[in-house]
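# Architecture and fold: a report
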Amino acid sequence: MIPTINIICMIVCPLIALFVLGVAYWKIHKRSSKLETGLPGALGYGFLGFIWQYLIFSFLALYLVGAVFKSANGIGRVGLSIGLTFLSTAFTIAALYWGIYLTNEKKRSIYRSAVVGVGFALGKVALELVQSYFYSAYASIRLNMGEVTKKTDYMEAVKSSTISSMLEGTYKCILMFVVIMAITLIMAKFYEEKKVHHAWIYGGIAYEVIMLFNQLCVNLIPEGILQKVIVLVVLTILALICGTIVWNWFKTDEIEIDPRKILAKSQKGRKSIG
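A short tour of the structure in this document, coming up. Sequence order sets the numbering: in each chain, residues are counted from 1 along the sequence as written. Local features in this predicted model are restricted to residues of pLDDT 70 or higher, and side-chain atom pairs are both shown and tallied only at a pLDDT of 80 or more, whereas totals for entire chains, interfaces and linings draw on every residue. Side-chain metrics rest on all non-hydrogen atoms present in the structure, leaving aside hydrogens and water.

The definition of a nonpolar core used throughout is a set of buried Ala, Val, Leu, Ile, Met, Phe, Trp, Tyr and Cys residues joined through side-chain atoms within 4.5 Å. Think of it in three bands: residues with accessible area under 20% of the maximum for their type are buried, residues over 50% are exposed, and the middle band is partly exposed, with areas taken using a 1.4 Å probe on protein chains only. Counting residues in each nonpolar core, the largest one holds 60 residues, and the members touching the most others are I28, M187 and W249. Secondary structure elements follow DSSP: runs of H or I no shorter than four residues count as helices, runs of E no shorter than two count as strands, and numbering proceeds from the N terminus. Looking at this core, the elements that each hand over two or more residues are helix 1 (4-32), helix 2 (39-68), helix 3 (74-103), helix 4 (110-144), helix 5 (153-160), helix 6 (163-192), helix 7 (196-220) and helix 8 (225-252). It is helix 6 that provides the largest number of residues to this core, a total of 15 residues. Ranked by size, the runner-up nonpolar core spans five residues in total, among them A61, L80, L84 and F91.

Turning to the pattern of salt bridges, a few remarks are in order. We define a salt bridge as a contact between a side-chain nitrogen of Lys or Arg and a carboxyl oxygen of Asp or Glu at a distance within 4 Å. What the rule picks out here adds up to six salt bridges. Between E168 and K172 there is a salt bridge; the shortest N-O distance is 3.5 Å. With E168 and K172 both in helix 6 and four residues apart, this pair spans about one turn of that helix. A relative accessible area of 27% means that K172 is categorised as partly exposed. Of the charged contacts in the structure, one is a salt bridge between K195 and E193, with a shortest N-O distance of 3.7 Å. On the accessibility criterion, K195 (37% relative accessible area) is partly exposed. Among the charged side chains, a salt-bridge network with shared partners connects K189, E193 and K195.

Before going further, it helps to spend a moment on the layout of surface pockets. Put plainly, a pocket is an open set of points on a 1 Å grid over the protein atoms alone with protein on both sides within 12 Å along at least five of seven lines, a cavity is a set where a 1.4 Å probe fits but cannot get out, and a lining residue has an atom within 4 Å of a point. Grid points are joined across faces, edges and corners, and a volume is the space filled by probe spheres set on the points. In this structure, the largest pocket occupies an estimated 1000 Å³ of space. Lining the largest pocket are 42 residues, with K124, E128, K172, M211 and N214 sitting closest to its centre. Those elements that provide at least two residues to the lining of the largest pocket are helix 2, helix 3, helix 4, helix 5, helix 6, helix 7 and helix 8. It is helix 6 that provides the largest number of residues to the lining of the largest pocket, a total of eight residues. When its residues are assigned to classes, the lining of the largest pocket shows 24 nonpolar, 13 polar and five charged. Of the pockets and cavities examined, the second largest pocket occupies roughly 340 Å³. Along the wall of the second largest pocket there are 16 residues; nearest its centre are I186, A206, C242, I245 and I257. Elements with a contribution of two residues or more to the lining of the second largest pocket: helix 6, helix 7 and helix 8. Ten residues, namely Ala, Val, Leu, Ile, Met, Phe, Trp, Tyr, Cys and Pro, are considered nonpolar, four, namely Asp, Glu, Lys and Arg, are considered charged, and the remaining ones, Gly among them, are considered polar.

If you check helix 4, its first and last C-alpha atoms are 49 Å apart, about what 35 residues at 1.5 Å a residue would give, namely 51 Å. One axis is fitted to the seven residues ending at the residue and one to the seven starting there. The bend at that residue is the angle between these axes. The sharpest bend along helix 4 comes to roughly 40 degrees, located at A126. Capping the start of helix 4 is the job of one residue whose side-chain oxygen sits 3.3 Å from the backbone nitrogen of Y111: S109. Here the expected span of a helix is defined as 1.5 Å times the quantity of residues minus one. We define a polar contact as two N or O atoms separated by no more than 3.5 Å, with the added condition that, inside protein, one atom must be a possible hydrogen donor and the other a possible acceptor, whereas residues neighbouring each other in sequence contribute only through side-chain atom pairs.

Let us now look at the environment of S33. In this fold, S33 is placed in the loop between helix 1 and helix 2. In this structure S33 comes out as partly exposed when scored by relative accessible area, which is 36%. Through-space distance from the C-alpha of S33 to that of Y111 is 9.7 Å; in sequence the pair is 78 residues apart.

Right, let's talk about the packing of aromatic side chains for a bit. Any pair of aromatic rings gets described here by the distance separating the centres and the angle formed by the planes. What counts as a ring pair is set by centres within 6.5 Å for rings of Phe, Tyr and Trp (its six-membered ring), and what kind of pair is set by the plane angle: stacked under 30 degrees, edge-to-face over 60, tilted for all other angles. Under the criterion given, the structure shown has 10 aromatic pairs. Judged by centre distance (5.8 Å) and plane angle (85 degrees), the rings of Y45 and W98 are edge-to-face. Placement of the pair is Y45 in helix 2 and W98 in helix 3, with a sequence separation of 53 residues. Residue classification places Y45 among the partly exposed positions, given a relative accessible area of 28%. Taken together, a centroid distance of 5.9 Å and an interplanar angle of 90 degrees make the contact between W52 and W98 edge-to-face. Here W52 is found in helix 2, whereas its partner W98 is found in helix 3, with 46 residues between them in sequence. For W98, a relative accessible area of 29% corresponds to the partly exposed category. An aromatic cluster of three or more residues is present, and its members are Y45, W52 and W98. Above the plane of the ring of Y191 lies R108, whose end atom (NZ or CZ) is 4.3 Å from the centre. Definition used: whenever NZ (Lys) or CZ (Arg) falls within 6 Å of the ring centre and also within 35 degrees of the ring normal, the charge is taken to sit over that ring.

Here helix 7 contains 25 residues, and its C-alpha end-to-end distance of 36 Å stays within 8% of the 36 Å for a straight helix at 1.5 Å per residue. Along helix 7, the residues that are buried comprise A199, G203, G204, Y207, E208, I210, M211, F213, Q215 and C217.

What follows concerns the side chain of N248. Examined against the element boundaries, N248 turns out to sit in helix 8. By definition in these notes, contact holds between two residues if any of their heavy atoms fall within 4.5 Å. Setting aside its immediate chain neighbours within four residues, N248 contacts D253, E254, E256 and I262.

Given below as structure tokens:
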């Protein structure tokens, strides 16, 4: 039997993440609705960008792991894991740039570019939370009703799912949404300034730092509570840094890529008020 509270959590967690994305989209729409249209299309480009980069990367990763991982030694496997992070970053930045480029073909707009990031994050939430958790909730209900009696690896995984693991997954998705939004805004800023190389370089560095950190934690720290805590703490710090860029844009309509300058301006503003 799967506890009812677990099933409720499987349903509520994806809804929380969708609510966060919905609020971000609504705030952008509210600000830009009198200026332009096309936000739903930008959302679609971001969503499709996540899907195609995920599918292509998944197939390439499976091929590389099958061809190299089994015959590689410990150092080789670590090298392959790190190499996959660079591949993942390349496809992620390509998908974001693809969306920004397509939605700005006729007229350039920071608002539409920002919504590309929301759409990309929506694809991540849909795949990692909505599809996974909702299906787990459905399977759990069938299991509790006695409609499923055959033991499978998936059903055993559903039984072992905990509320803490589901909350952790949801929290990570929300943090990554903040990171993706910041990266999208940075890329959009340079795209507006016709600095394509800067868009790729800055966006790639920001995303790769997070991917490398996550992979190094997996390889260097034994699996367990300590690893999870370290990953969540550092990811939270990185999301807070990225969040200052997003928050500043929502507040001022200006994209400042250096969080230190944002904090300095904020402190000056408080002093002048005081």
